Structure formats: C-alpha cells, structure tokens
Amino acid sequence: MTKRKPLDDSPDWTFEKLDQYQTEIARVAAHYRLDTYPNQIEVITAEQMMDAYASVGMPIGYNHWTYGKKFIQTEQTYKRGQMGLAYEIVINSEPCISYLMEENTMTMQALVMAHACYGHNSFFKGNYLFKSWTDASSIIDYLLFAKNYVAECEHKYGIDEVEATLDACHALMNHGVDRYKRPQKISLDEELKRQKEREEYLQSQVNSLWRTLPIKEESADKKRKRFPSEPQENILYFIEKNAPLLKPWQREIVRIVRKISQYFYPQKQTQVMNEGWACLWHYTILNHLYDEGLVTDKFILEFLHSHTNVVAQPEYNSPYYSGINPYALGFNMFMDIRRICENPTDEDRRWFPDIAGSNWLDTVHFAMENFKDESFISQFLSPKIIRDFKLFQIHDDEKNSFIEIGAIHNDTGYQKIRTALSNQYNLSNLEANIQVLEVDINGDRSLTLRYVAHNKVPLAGSKDEVLKHLHYLWQFDVKLVEKKESGEEVEIGRCPPKATPVDKAS
Amino acid sequence: MANFIDRRLNSKNKSTVNRQRFIRRYKSQIKKSVSDAINKRGVTDVDTGESISIPKKDMSEPVFHQGSGGVRDRVHPGNDQFSPGDRIKRPPQGGGQASGQGEASDSGEGEDDFVFSISKDEYLDLLFEDLELPNLEKTQLDKLVEYKTVRSGYCAEGVPSNIDIVKSLQGSIARRIAMTSSKRAQLKACEKELEALEADKHDHIKEVKELTLEIERLKAAIAKVPFIDTFDLRYRNYAKEAVPTSKAVMFCLMDVSGSMDQATKDIAKRFYILLYLFLTRTYKEIDVVYIRHHTQAKEVDEQEFFYSQETGGTIASSALELMVKVMEERYNANDWNIYGAQASDGDNWADDSPLCKKIMLKKILPKARYFSYIEITQRAHQTLWHQYQDVADQCGYFAMRHIRSVEDIYPVFRELFKKGEQSAA
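None of these values were measured; they are calculated from a predicted model.

Honestly, the overall build of chain B in this entry has me stumped. Any pointers?
A count of helices and strands for chain B gives 12 helices and 13 strands. When each of the 425 residues of chain B is scored for burial, the buried share is 41%. Partitioning the contacts of chain B with sequence separation of at least 6, the portion at a separation of at least 24 is 82%. In the form shown here, chain B has an accessible surface area of approximately 22900 Å², with 51% of it arising from carbon and sulfur atoms.

What follows is the structure, encoded as structure tokens:
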C-alpha cells in the first residue's frame, strides 16, 4: 500500500480533524465489512456526560428521583476525583448516537470513534439479540413518548402517585422482560394510536376477568382451573394485563418501564462480546491506519497506552481486582479467534476444527452475529486464553467451611473452566428466577409468586421491600413461595404481613 | 457516513429536574439534617451550604436478587498458587465476588449514609420555606433612606475628571469624517484627473499645475480640521438614586439569671440563629447586638452571651433600657431596620413587668420593625407574659410564643413568620 501523508497528530482536536479521521476510519471499517447505522457524533462536556450517566445512557428519560440520586452520586465521586468519566457513551439507536467528551485528545477521539461509532454500532446492527429484541429506529421516539406521557400523568394525577407507580415498576424491572417471546416492532404514531385504544380495551378485559357475578356454575368444576394456566416469567407484563385495580394510566406506565427494560436486556447479555468487538475494531482499524502511514508514531503510542489500560485484567489478588474485565476477556477472545484462523496450532485444530484455518473476518463476523456472552464463551474460549488469563474455578458450597479449587488452567481443567465461565454470564443463573404462579381469582384475589433457587442460592433480604411494591400494583395480598429441592413449596414472604406474628420466619 | 453535532453549548443542567425530585422525595430527611445542622453553627455563620446525610437504607431501590449462600462456582484470573482440589478457608464476607452487574446494591452491609451537599440557597430555602419577613414591605415603602450615586448616560458638560475618553474620541472621529467628506471627494476627483493628464501623450503643463495647486489646497484644508474639539468632549453623567436601606440590626436579649440553664440557652440560641439567617435573606449588612441581663444588663459578645454563667435575680427592664440606649447611640431608626428578639424563662421581678410593657410600647416598638418574645419554660406563665400579652394586643408586629422544648423551636419560628398575615398572638 502506498504511503500517504499522515493526518495531523497534534493533540487538540477540531471539527475538521474529527471529520478527516472519521472519513479514514469509515473507509477502513468498510474494508473490514463493518455494517453500521448512520453515525451521529455529539461532542459534549463533562457535566453533560454526568447527565448522560445519570439517565443510564438514555438520551431522553422521564423524570424520576432515582436519576437525580444517580446524578448527585456521579457528580460527587467525579468532583472528589475518585472516578474518571467514560470517554464515550453510545446509544443503540438509528442514527447511532455517540457522545464524545470535549476533554479527549485527538487520539482519544479517534479511538472512541473507531470503538463506538464503528465497533459498538456494527454490533448493535448485526447481533441477533439486538436484531430481534430492539428496534433502533424507534427507540428515541419511544423514549420521547414515554417522557411526555409520564409528564402528562404527573400533571393529571400528581407527582406522588406517578412516582409511587414508577418506584414499584422499577423494583420489578428485571422481571419485566420476555426472555423467549419476540416483541413486534411498532412506530411512535402507531404506539400513540394504540395506546388510547389499549387503555379502554385493557380495562374492559380486566373487568371481565374480575367480574364479580358468577357467569355460569361450570367454573366451579371439580378441576379448578388455574390462572394463569402456565407460570409467567414476565411479572410486569402480567401486572399490566391482569392487575385488578390499576388505573389505565398506571398500566401504560408499567408498560413503559417494561419496554425500556426489554430494550436494555440484550445489552446485559452481551457485555463481553459487545466490548470485545468494539475493542477488536478500534485496535484493528487504528493499526491499519498506522500501517498505511496515515497516523504517526506519536499517535499510535498514545493510542496503545490507552488501549492497554482499557484491556488490562488485574489478577484475583490485586487490590484493583473487581471481577473479570469484560473489555479484556472480549478483546482477547476475538483476537484469539483471529489467531486460530490465521495461525492455528495443533491444539487449536483439536478444539476448533471448524474455524482453525478459516477466513478470520468471516469467522469473527459470524461470532458477533450469532452469539451472546454465555454461548460465545462456551463456543470460543480457547485453552490458550485460559492459560493467558490463568483462569481458575472456585467451588463455594455454603455447607462447607472451606472453598475448593475446582479447576485450573491445565488439560483437565479447560473444559470445566469454560463451562463455569459460561454459566457465570448466563443471566438466568444470575437473576433470581421468580415467576407468577397463581392468582386466586375466585377467592381473595391474592397473587402468588414462586422462587426457584438456582444452586440453593437463597433470595436476598430486599424481597420484602419488593413485595411491598408489588402489593402497591396488585392491591390485594401478595405471596412469595420458594420451591425447595424436595418439591414442596414454602412461603418465604407475604405482603401485607399476616396479622398474627409469623412463628417461623424462613 | 457521520454527522457531527456540537452539543457543548446546550444546557448542561439536564438533571436539574431529577435532582429536585430527589430533594423533594427526601425532604423530610433533608430538613431534619438541616435543622440538626443549625445547632452546630455560629449565629452569623451562614455563608456556606450544608452537607446532608441520609441513611442509605432509606433510599434503597430494592429488586429481587440472589442473596449470599448456596453453591457457587466462580472463575477468577491470575492463578499463581492453586492446584485442583486445594481447600482454602473461606475468606471473610464481601471479598471475591460481585457479579458482572456493576453495582447491584448488596443491601445489608455497608450502611453508610448517603452524603451530599446542598447549596447555600437550597439550604436557606429549605429552612425558610413559606416564611416571610415581617413588615418588610412597609419598610421599603416608608423609608427611602439612602442615596446612591449611579451612572446615567453622558452629557456634554462636566468636570475634566469625568471625561469619557472613548466616547469623546468616537465623537472626534465622527466629526472629522463629517467635516472632510466633501473635500475628500473633490481630492479624489482631482487626483484621478491628474493621473489621466499625466498618462496622456500630450503635455498639459498648465492644467497639471492648476490641478497640483488645487490638490495641495484641498489637502491643507483637510489637515486643518482639528483632531479634537471641545464639541467632541463627553462627560460621564451621574445621578443620585434613592435606595431602601439594606442595613439591619438585630438585638438579642436574653435572661441569664440563675434560673436559665444551658439547655434553655441552647434553645434560645437556635431561635436567634434562625432569626439571623432569616434576616440575611433580605439585608446585606446585619449587625447583631447581644444584651444579657440578670438584675443589670450588659452588652457582650456572642461567646459570652451564650456560654458564661452568672447568677442573680431578674429585672428584664434593664435589658430593654440598654437596648433603647444602644439604639439611640448607634442605630438610628432612619438608617437601620431594627429587629428585636427576647428570650426568657418568664421569671421577672413582679414589679418590673409593667415597666417592661411601658418601655416596649413607648420607646422600642415605635422604632422597631419587629419584636419577638419567646418564653422557654415548662411552668405556668408569670407577670411578664401577661404584660406582654397586652402589648401584643396593641401592636401587630410584636409577637410572642411559648416554647417548651427544642422540638418547638422550628414550628414556633415558622408560626411567627408565617406568610401572609402578621399574626398577633
């Protein structure tokens, strides 16, 4: 490749320089077949970055005290110098919005553009979870709709009422996700139109479910019909559709929170992959520019310095250790896939017969498009990575007074570690498995939830508070039972608490 | 394809509403923190905000999540010493985990308070929500007692020290442009003509000579226009403007006889702090005069006022008389807004109380904006209270309240300064 005149590498950025670099990055990205949404790159100040933090990355959010709390926290830790701000935030939308911090040097801006505007952006567009669960083109409109709707409700029904409803929804937000069913995509106009109809329709449905006059006596059959007929995992959805006394506007708010939760769900499941993919590309693209002579030594050294910090993995006994760094794991795994394709060893041929020696670009694209963290790790974590990271697995059984090393980075351990690490990213193991079990429609209208423990891990103490929130939405008794291994179901929570003091609190 | 947007100039306070929501939600806790903080401050220390702390558990955002215990398998990096099957003592709780979810609040442990600061204004607003300064309106309308010199444009005459150079030179430039423009036009025309003649192949000696002379004449005429003229001079103009006085003096009167114990004084101190803070909202300059009395009154500093102990009987009128004296000597009612606050446990020598009433009505209240009397006692009211009740009936800006314990301070203060009506007790 012919050497070209290098781009200006002075540390201060200007919009012209941003544009030049962006053009070159885009060219290289296209060369590596990165398919992206159009980019909208916004330059913001540190304060605005803190605003963005506070709204958990949503460019437009409804007003709620928790965001204020988060803002105050961020502001304080930042002002005391305990925390640096991220270099960028990127939003899964079309056009894909990325925020660049004003303080960044030119090199950092280039890194960030390659990372966010081409790495994350192409991930949002290509990964199957994002494709099927989120609709990038409508999210901004939807958030705007949500903000306005909540504001309107506050105006009509008072801030306190709306706040209480939102609090309750937030408490159940993690359980407002369809894990298996795929939602349909709709636009803002449709959403608005439907929302009106839905309000009325929903209320009528609910009314018919709770009709107090017995229609026919056949409901008193010997076989009592269960409602719901199957346990429901999406608690917020269940509330929205079935809670007896919710007002129509409250149902809509439940829906809004549920939708937003759903929107973020893929991001939770693809942390390692998403960051790894973005790191792979900022690394590859900028090195490509360096090979072409477009960026200088000075530039590439500053870049490598930042890059190394980002993908550093402190060891388990380091004071900086706080779990596995998703940037480090993801980046190294993608780089390793490339290595396996280009320079496979015998070990790689044994472990990855399908990809060893194949076209690396095809393979990384395939991996990005069709996996989430859990499956990505169980598919692609190679013995070499396990050795490089010196991974080891700890088995911790509450019954014992000790913890046991289950596996280390040796021949017998690779497979075990791979499985354990994959499970560690399996959201269904991480989040409490709680489902709506039953509603006593003919009796006291109480709602029963069932917790199924994973590996005998009990539910944390916050459950009682959450039950209060659930009770606020359901407005009749709420019970929580835990299914023990023996199969019996034990009540572990109830709201409101029984009038007589419960003899044995479990 | 990319589109760059510079958002730096957009408003940065996107989170303001959320911050206010937060403060609104935790108002009761924040208020408690605020009123606790009052106690720690000196009377006149009001220039700072306040750091507020709220117990973390009050503001948790609960979610269903897995607790500790059960069976766990975790993978960690950096093995440097372990072999499969090694058994290690379980490290103390809290180490070695934290799932990928960032700060999924590990409720239970770490019950630190959530500490943050509010600005001075937020602090005072919280403290004085819905309160109004008594008689303020009246003061401002009644007495325009101070004059301030303010700039008011420019004028053509004045003393040299007030010359505004920029304005004057602007005038000079304008005048010169105006006076020379026609001559410049002629000059240009002549020069053009001269150029044309010189370019001509034929000689035009006479015309050239004439033109040269004309050009010289014009140049001289232009040069004659003076650079600056008295006509150009502009002077800064000043006018006097009446402003309402922004000075206030607050008299703190307190009984320090043997019957007043430290607890009672602390209650009184809180009351004075509140009053002082309240005044700072309106006045720029505030003097505080501390007068303590038993059988005799004495003007003292803050430290002595609150913390030195003396014993003796009680003659309240002595303090009132001293206040009158200080007012006459130092605080002319035309220049100063006078506020008074008296705290006592109600004990007074019975024969003295009618005298107090007299001084109050005749000498103090006519000059003061407001006077409040608080009685801090658990017992029944005595003569001073009854005498003052007469005063309160006659005078709208004399207020009195009864305080039993610390908790009463704030409500009583609020009641005294309630918005809208000047409640006479």
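Is there a simple way to think about the interface of chain B and chain A in this case?
Where interface size is quoted, it is often the accessible area lost as the parts come together. On the side of chain A, 99 residues touch chain B, which itself brings 63 residues to the contact. Carbon and sulfur atoms make up 54% of the area that chain B and chain A hide from each other, which totals about 7400 Å². Of all residues in chain B, F4, F64 and V75 of chain B give up the largest surface area on contact with chain A, accounting jointly for 12% of the area buried on that side. The tally of links from chain B across to chain A stands at eight salt bridges. Taking the shortest distance from any N to any O, the salt bridge between K69 of chain A and E61 of chain B comes out at 3.1 Å. When residues of the side of chain B that touches chain A are traced back to their parent elements, those giving at least two are β1 (2–6), α1 (16–25), β3 (71–76), β4 (87–89) and β5 (113–118) of chain B. Considering each element in turn, the side of chain B that touches chain A owes the most residues, seven residues, to α1 of chain B. Classifying every residue of the side of chain B that touches chain A by side-chain character gives 21 nonpolar, 24 polar and 18 charged. Looking at chain direction, strand β5 (residues 402–407) of chain A and β4 of chain B are connected through three bridges and run antiparallel.

Got a minute to help me understand the pattern of salt bridges in this structure?
Two side chains bearing opposite charge may form a pair once their charged atoms approach each other closely. Residues and elements named next belong to chain A. Per the stated rule, a full pass over the model turns up 38 salt bridges over all chains. Residue R27 is joined to E292 by a salt bridge in which the shortest nitrogen-to-oxygen separation is 2.6 Å. Within this pair, whereas R27 is found in helix α1 (residues 15–31), its partner E292 is found in the loop between α11 (271–291) and α12 (297–310), the two being separated by 265 residues in sequence. We classify E292 as buried; its relative accessible area is 6%. Connected through salt bridges with shared partners, the residues E240, K241, R255 and R258 form a single ionic network.

So what exactly am I meant to see when it comes to the sheet that holds strand β9 (residues 489–495) of chain A here?
Strand pairing within a sheet occurs via backbone hydrogen bonds; the two strands may be parallel or antiparallel. All names here are of chain A. Pairing is mixed in the open sheet, where four strands are placed in the order β6-β7-β8-β9. This sheet does not close on itself; its edge strands, each paired only once, are β6 (433–439) and β9. The sheet shows a mean angle of 30 degrees between the axes of neighbouring strands, taken without regard to direction. With six bridges connecting them, strand β7 (residues 447–452) and strand β8 (residues 478–483) associate as parallel partners. For R450, the partnering residue across the bridge sits in β8 and is V481. Strands β6 and β7 of the sheet are contacted by helix α9 (residues 235–242), whose axis makes an angle of about 25 degrees with β6. Strand contacts of helix α20 (residues 463–474): β6, β7, β8 and β9, with the helix running at about 65 degrees to β9, the strand carrying the most contacts.

What should I look at first to understand helix α3 (residues 65–79) of chain A in this one?
Note: α-helices contain 3.6 residues per turn, so residues at a spacing of three or four share the same orientation. The first and last C-alpha atoms of α3 of chain A sit 21 Å apart over 15 residues, in line with the 21 Å expected at 1.5 Å per residue. If you check which residues of α3 of chain A are buried, you get W65, T66, Y67, G68, K69, F71, I72, T74, E75 and Q76 of chain A. On its buried face, α3 of chain A is in contact with α2 (46–54) and α7 (159–171) of chain A together with α1 and β5 of chain B.

Before we go on, may I ask you to explain the confidence of the model for chain B in this structure?
As a general rule, the predicted coordinates of low-pLDDT regions are not to be interpreted in detail. Residues and elements named next belong to chain B. Averaged over all residues, the pLDDT of chain B equals 77, while 80% of them reach at least 70. In the model of chain B, helix α4 (residues 136–142) stands out as the element of lowest mean pLDDT, 46, in contrast to helix α5 (residues 165–199), which has the highest, 90. Predicted confidence is poor over residues 136–144, with pLDDT under 50, and the contacts of this stretch with residues over four places away or in other chains come to 12 contacts. Low pLDDT, under 50, characterises residues 420–425; the stretch is placed with 12 contacts to residues that sit more than four places away or in other chains. Across the interfaces of the predicted complex, the ipTM metric reaches 0.82, alongside a pTM of 0.69.

So what exactly am I meant to see when it comes to the packing of aromatic side chains here?
Describing an aromatic ring pair means giving the distance of the ring centres and the angle of the ring planes. All names here are of chain A. Counted according to the given criterion, the structure contains 33 aromatic pairs over all chains. When the ring of Y32 is compared with that of W281, the centres are 5.2 Å apart and the planes differ by 45 degrees; the resulting orientation is tilted. On the criterion of sequence distance, the pair formed by Y32 in the loop between α1 and β1 (39–44) and W281 in helix α11 is long-range, its members being 249 residues apart. The pair Y32 / W281 is uniform in exposure class, with both members buried. Note on F334 and F376: the rings are 5.0 Å apart at their centroids and 35 degrees apart in plane angle, and the pair reads as tilted. Of this pair, F334 sits in helix α13 (residues 326–342) while F376 is found in helix α16 (residues 373–380), placing the two residues 42 residues apart along the sequence. Exposure class is identical for F334 and F376. Each is buried. Ring-pair connections join several aromatic residues into one group, and the members of that group are Y32, W277, W281, F334, W360, F366, F371, F376 and F380.

Even after reading the chapter, I still don't get the pairing of β3 of chain B, so can you show me in this structure?
Every other side chain in a regular strand lies on the same face of the sheet, so the side chains alternate between the two faces. Burial of β3 of chain B is extensive: five of the six residues sit out of reach of the surface. Bridge analysis of strand β4 (residues 392–397) of chain A against β3 of chain B gives six bridges, and the strand direction is antiparallel. Across the sheet, H395 of chain A pairs through a bridge with D73 of chain B, a residue of β3 of chain B.

When you look at the packing of α9 of chain A against α20 of chain A in this model, what are you seeing that I'm missing?
Any two packed helices are characterised by the angle at which their axes cross and by the distance between the axes. Residues and elements named next belong to chain A. The N-to-C vectors of α9 and α20 enclose an angle of 25 degrees; their axes lie 10 Å apart at closest approach. The pairing of α9 with α20 is recorded here as roughly parallel in orientation. Along its contact with α9, which presents I235, F238, I239 and N242, the element α20 presents L470, L473 and W474. Looking at side-chain class alone, the contact of α9 with α20 contains six nonpolar, one polar and no charged residues.

For this particular structure, what's the right way to read the sheet that holds strand β2 (residues 88–91) of chain A?
Ordered in space as β2(A)-β3(A)-β1(A)-β1(B), the four strands form an open sheet in which the pairing is mixed. The two strands at the open ends of the sheet, each matched to only one other strand, are β2 of chain A together with β1 of chain B. The average undirected angle you get between the axes of adjacent strands in this sheet is 20 degrees. In this sheet, strand β3 (residues 96–101) of chain A lies alongside β2 of chain A in antiparallel orientation, the contact comprising four bridges. By the bridge assignment, I89 of chain A is partnered in β3 of chain A with Y99 of chain A. Along the sheet, α1 of chain A contacts β1 of chain A together with β1 of chain B; its crossing angle with β1 of chain B, the most-contacted strand, is approximately 160 degrees.

Would you mind going over α16 of chain A with me for this structure?
Residue and element names in this part refer to chain A. Taken as a whole, α16 has its buried residues at D373, F376, I377 and F380. Projected onto a plane normal to the axis of α16, the buried residues spread over an arc of 95 degrees and lie on a single side. As for α16, its buried residues are in contact with α10 (248–269), α11, α13, α15 (360–370) and α18 (414–424).

What counts and what doesn't
Residues numbered from 1 in each chain as written. Chains lettered and ligands numbered in written order. Predicted model: local features only at pLDDT ≥ 70, side-chain atom pairs only at ≥ 80, totals over all residues. Heavy atoms only, no water. Helix = DSSP H or I, 4+ residues; strand = E, 2+ residues; numbered from the N terminus. Buried < 20%, exposed > 50% of the residue type's maximum accessible area, 1.4 Å probe, protein only. Contact = heavy atoms within 4.5 Å. Areas by Shrake-Rupley, 256 points an atom, 1.4 Å probe, with all protein chains shown as cover. Buried area = accessible area lost by both parts, 1.4 Å probe. Salt bridge = Lys/Arg side-chain N within 4 Å of Asp/Glu carboxyl O. Nonpolar A, V, L, I, M, F, W, Y, C, P; charged D, E, K, R; others polar. Pairing = 2+ DSSP bridges. Axes fitted to C-alpha atoms, helices over the stretch in contact; angles between N-to-C directions. Expected span 1.5 Å × (residues − 1). pLDDT = per-residue confidence, 0-100. Phe/Tyr/Trp six-rings, centres within 6.5 Å; stacked < 30°, edge-to-face > 60°. Parallel < 35°, antiparallel > 145°, perpendicular 65-115°, else oblique. Arc of directions from axis to C-beta.

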